Amino acid sequence: MSVDDPEARLRDTLDSLASTVVPSPDAYAKARSEWQRRDRRRRLVMLVLAVVIVAVADLAGLWALHSLAEPARAPRHERIDVIVQP
């Protein structure tokens, strides 16, 4: 390999950079707790959204049923004869 090989230069640069990095001992725990918090929040938002959609659909259905119902008929003031057979 020659010194002008870009792949070798990049590998050397990244190796020297990686040797200076010090990982945090609790980085995984922090990332996991953050992910779990976001997951709980996402699930809660989806649950609230589903409840709101179902409630609005129920209210719209009840309103439609009520608005399409026939109004109660007013009592007639006509005379009704009842014929009883002996």
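Computed from a prediction, not measured in an experiment: that's the story for all the values here.

A.B. asks: Even after reading the chapter, I still don't get the overall build of the protein chain, so can you show me in this structure?
C.D. replies: A tally of helices and strands in the protein chain yields 2 helices and 0 strands. Relative to a compact globule of 86 residues, whose C-alpha radius of gyration would be 12 Å, the protein chain shows 38 Å and is clearly more extended. The principal-axis extent of the C-alpha atoms belonging to the protein chain is close to 125 × 30 × 25 Å. A total accessible area of about 9100 Å² is found for the protein chain, and carbon and sulfur atoms account for 64% of it. Positive and negative charge centroids in the protein chain, built from 13 and 12 side chains respectively, lie 9 Å apart.

A.B. asks: Looking at this structure, I do not really get a nonpolar patch on the surface. What am I missing?
C.D. replies: Taken together, the side chains of L44, L47, V48, V51, V52 and V56 make up a nonpolar region of the molecular surface, amounting to roughly 540 Å² of accessible area. As for its position among the elements, V56 is in helix α2 (residues 27-68).

A.B. asks: What's the story with the environment of A72 in this structure? I'm lost.
C.D. replies: Relative to the helices and strands, A72 is located in the segment after α2. According to the relative accessible area criterion, A72 is exposed, its value standing at 80%. Once the C-alpha coordinates of A72 and T13 are considered, the two residues, 59 residues apart in sequence, prove to be 87 Å apart.

So, how was this worked out
- Residue numbers restart at each chain and count upward from 1, following the sequence in its written direction.
- Residue-level local features of this predicted model are given only where pLDDT is at least 70; pairs of side-chain atoms are given and counted only at 80 or more, and the full residue set underlies all totals for whole chains, interfaces and linings.
- Each side-chain value is worked out from all heavy atoms of the structure, with water and hydrogens disregarded.
- Counting from the N terminus, the helices are DSSP H or I runs at least four residues long and the strands are E runs at least two residues long.
- Atoms counted for the radius of gyration: C-alpha only. Globule rule: 2.2 Å times the number of residues to the power 0.38.
- Areas reported as accessible are Shrake-Rupley estimates using a 1.4 Å probe. Residue values count occlusion only from the protein chains shown.
- Positive charge is attributed to Lys and Arg, negative charge to Asp and Glu, and no charge count is given to His or to the chain ends.
- Taken as the charge location is NZ of Lys, CZ of Arg, CG of Asp or CD of Glu.
- Here the term patch refers to residues with relative accessible area over 30% and no salt bridge, with like charges joined within 9 Å and nonpolar side chains (Val, Leu, Ile, Met, Phe, Trp, Tyr) within 5 Å.
- The working definition used for a salt bridge is a side-chain nitrogen of Lys or Arg within 4 Å of a carboxyl oxygen of Asp or Glu.
- Each residue's exposure class comes from its accessible area (1.4 Å probe, protein chains only) as a fraction of the maximum for that residue type: buried when under 20%, exposed when over 50%, partly exposed otherwise.

Structural measurements only, silent on function.
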